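The chain contents come next:
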Amino acid sequence: MAELPFVQSKLPEVGTTIFTVMSQLAIEHNAVNLGQGFPDFPMPDELCRLVDDAMQKGFNQYTHMAGYPLLRERLAEKAAFLYGANINPDTEITVTPGGTYAIYTSLTGVLQPGDEVIVFEPAYDSYIPNIEVNGAVAVRIALEFPSYRIPWDKVKKAITARTRMIMINTPHNPTGMVLQEEDIEQLRLVVNGTNILILSDEVYEHLIYDNIPHRSMLRYPDLMQRAFVCSSFGKTYHCTGWKLGCCIAPAALMKEFRKIHQFNCFSCDTPKQVAVAEYLANRDAYLSLSAFLQQKRDYFRERMRATPFQCIPSSGSYFECYSYGHFSEEKDTDFATRLTKEYGITAIPVSAFYKNGEDNKVLRFCFAKKETTLEKAVEKLRNIA
Ligand code: PMP
Ligand code: GLN
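Residues numbered from 1 in each chain as written. Chains lettered and ligands numbered in written order. Predicted model: local features only at pLDDT ≥ 70, side-chain atom pairs only at ≥ 80, totals over all residues. Heavy atoms only, no water.

Chemist: Describe the site of ligand 1, naming the residues involved and giving the relevant values.
Modeler: Residues in contact with ligand 1 amount to 13 residues; listed here are only the nearest, Asp 201, Tyr 204, Ser 232, Lys 235 and Lys 243. In the environment of ligand 1, an oxygen atom lies 2.7 Å from a nitrogen or oxygen atom belonging to the side chain of Ser 232. In this structure, Lys 235 approaches ligand 1 through a side-chain N or O atom, which is 2.6 Å from a nitrogen atom. Isolated, ligand 1 exposes 380 Å² of accessible area, and the fraction of that covered by the protein chains is 94%. In a pocket analysis with a 2 Å cut-off to the grid points, ligand 1 is assigned to the largest pocket. For the shell around ligand 1, the element with the highest residue contribution is helix α4 (residues 99-110), accounting for three residues. For the shell around ligand 1, the per-class residue count stands at four nonpolar, six polar and three charged. (Near = heavy atom within 4 Å. Polar contact = N/O pair within 3.5 Å; in protein donor to acceptor, adjacent residues only side chain to side chain. Areas by Shrake-Rupley, 256 points an atom, 1.4 Å probe, with all protein chains shown as cover. 1 Å grid on protein atoms, 1.4 Å probe; cavity = no way out; pocket = protein on both sides within 12 Å on 5 of 7 lines; lining within 4 Å. Sits in = over half its atoms within 2 Å of the grid points. Helix = DSSP H or I, 4+ residues; strand = E, 2+ residues; numbered from the N terminus. Nonpolar A, V, L, I, M, F, W, Y, C, P; charged D, E, K, R; others polar.)

In structure tokens:
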């Protein structure tokens, strides 16, 4: 593409997101797409019907800038029910067009040029560009391989007078790692007595397996008072295309968040907010998710044993990572491309989640699919050598 000499890129090193690249390749080669994270099974009928009802009833104009008031009330009730958190729906919750936007807006609301943000790699691909576009500096720390746990000794050493924020993500994309109580203790030791904020990406809060509790920042009043907690209804209700989510943060942080939000998005899709507000009364819809997706993880994992891939176990999210370094030296990006083109199966190369492209020869597979899709995918992977 021709470049305009008078336009200086704000993100010169950034290309097209790996999710678009791999989904496009999957379409071109008619491959089974276990790359980008989205379900191929339907969202709840009842929730679709509630959107239709809301539109028929005339909820078709702008709603409140911070989100449909009843939805914010219901979200505060949910946070109290699940995590014992006391959240003010007027001042501490904003409904957003998705989790990615909530993350961007949190960062943009508080970061000053030169601020340092600690970010763990592999990192969801929007984090580092979102930090850098604000003139801040991403201080990257690699999760330990292959456990993908946080090396807290390295975090402690990375703290400086400029550290403004630590970004955490539990359950973690792409690895499915989840924070344990020791991690919370370590996080406390790092932030106590400092001005460091926390951005907690919890879009997979309801997709956590093996009876492990989700360690939301909303459970810990001392951590919550310095945290932006970002969520996505797309993940909870199997409708990633809705692009609807929310952010919860203390009033002082939310005030800054809303200054950005009001001039960027202003307010989100009204009928969907009305519908979700209603649907939240159905607690089983989100409480049953862990069992539903754990079964898919196990189904996929079990079948993957018949392939040469080695499982790096996931405890949450839509994803499980598999390594192949014991049978191929190929770069993960090349390997993933070849899998799509030659074998008709698409996965995400995990090096895409490292700024320097660190390649541990690991692919991420999305198991939030119908069993027939998973079966088809594994059938193709069996032939790989
Ligand atoms: N964070 C993580 C870790 C994710 O995997 C996703 C995936 N979509 C998001 C944020 C963003 O969610 P949304 O689609 O609601 O923007
Ligand atoms: N969160 C999804 C994933 O990790 C994709 C979101 C997107 O395409 N931006 O696959």
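There's plenty left to go through after this.
Chemist: I'd love a proper account of the layout of surface pockets, names of residues and values included.
Modeler: The volume enclosed by the largest pocket comes to roughly 1,200 Å³. Contributing to the lining of the largest pocket are 47 residues, with Thr 17, Phe 19, Tyr 124, Asp 125 and Ser 126 lying nearest its centre. Residues of the lining of the largest pocket, tallied by class, amount to 19 nonpolar, 19 polar and nine charged. Approximately 280 Å³ is the volume attributed to the second largest pocket. Looking at the second largest pocket, it is lined by 13 residues, and the ones nearest its centre are Glu 205, Ile 208, Ile 212, His 214 and Ser 290. Mapped onto the lining of the second largest pocket, the elements with two or more residues apiece are α3 (69-83) and α12 (283-287). (Points joined across faces, edges and corners; volume = space filled by probe spheres on them.)

Chemist: How would you summarise the sheet that holds strand β8 (residues 245-248) if you had to cite specific residues and measurements?
Modeler: Spatial ordering of the open sheet is given by β2-β8-β7-β6-β5-β3-β4, a layout of seven strands whose pairing is mixed. Single-partner strands in this sheet number two, and they are β2 (93-96) and β4 (137-142). Adjacent strand axes in the sheet meet at a mean angle of 20 degrees when their direction is disregarded. Both β2 and β8 contribute to a ladder of four bridges, which runs antiparallel. What sits directly across from Thr 94, in β8, is Cys 247. Docked against the sheet, helix α10 (residues 251-261) engages β2, β6 (197-201), β7 (227-232) and β8, running at close to 30 degrees with respect to β2. (Pairing = 2+ DSSP bridges. Axes fitted to C-alpha atoms, helices over the stretch in contact; angles between N-to-C directions. Contact = heavy atoms within 4.5 Å.)

Chemist: Pulling in residues and values, what's your account of the nonpolar core?
Modeler: One finds Ile 166, Met 167, Phe 228, Tyr 237, Phe 309 and Phe 365 to be the most contacted residues of the largest nonpolar core, which totals 126 residues. Discounting chain neighbours no more than four positions away, the residues touching Phe 365 are Leu 34, Phe 300, Met 304, Tyr 318, Phe 319, Glu 320, Tyr 322, Ile 345, Ala 347 and Leu 381. (Core = buried A, V, L, I, M, F, W, Y, C linked by side-chain atoms within 4.5 Å. Buried < 20%, exposed > 50% of the residue type's maximum accessible area, 1.4 Å probe, protein only.)

Chemist: So what's going on with empty space enclosed by the protein? Residues and values would help.
Modeler: For the structure on display, the rule yields two cavities of 30 Å³ or more. Lining of the largest cavity is provided by 16 residues; of these, Leu 75, Lys 78, Glu 205, Ser 231 and Cys 246 occupy positions nearest its centre. Counting only elements with at least two residues in the lining of the largest cavity, the list comes to α3, β7, α9 (233-236) and β8. Looking at which element gives the most residues to the lining of the largest cavity, the answer is α3, with four residues. Split by residue class, the lining of the largest cavity holds 10 nonpolar, three polar and three charged. When its volume is computed, the second largest cavity comes out at roughly 70 Å³. Lining the second largest cavity, in full, are Phe 120, Tyr 127, Leu 143, Ile 150, Met 167, Ile 168, Asn 169, His 172, Met 177 and Leu 179.

Chemist: Please give an account of the packing of α4 against α10 that cites residues and values.
Modeler: Two quantities define a packed helix pair, namely the angle between the helix axes and the distance between the axes. Close contact between α4 and α10 brings their axes to 8 Å; oriented N to C, the two are set at 110 degrees. In terms of axis orientation, α4 runs roughly perpendicular to α10. Where α4 abuts α10, its residues Tyr 101, Ala 102, Thr 105, Ser 106, Thr 108, Gly 109 and Val 110 lie against Leu 253, Glu 256, Phe 257, Ile 260 and His 261. In terms of residue class, the contact of α4 with α10 is made up of six nonpolar, five polar and one charged. (Parallel < 35°, antiparallel > 145°, perpendicular 65-115°, else oblique.)

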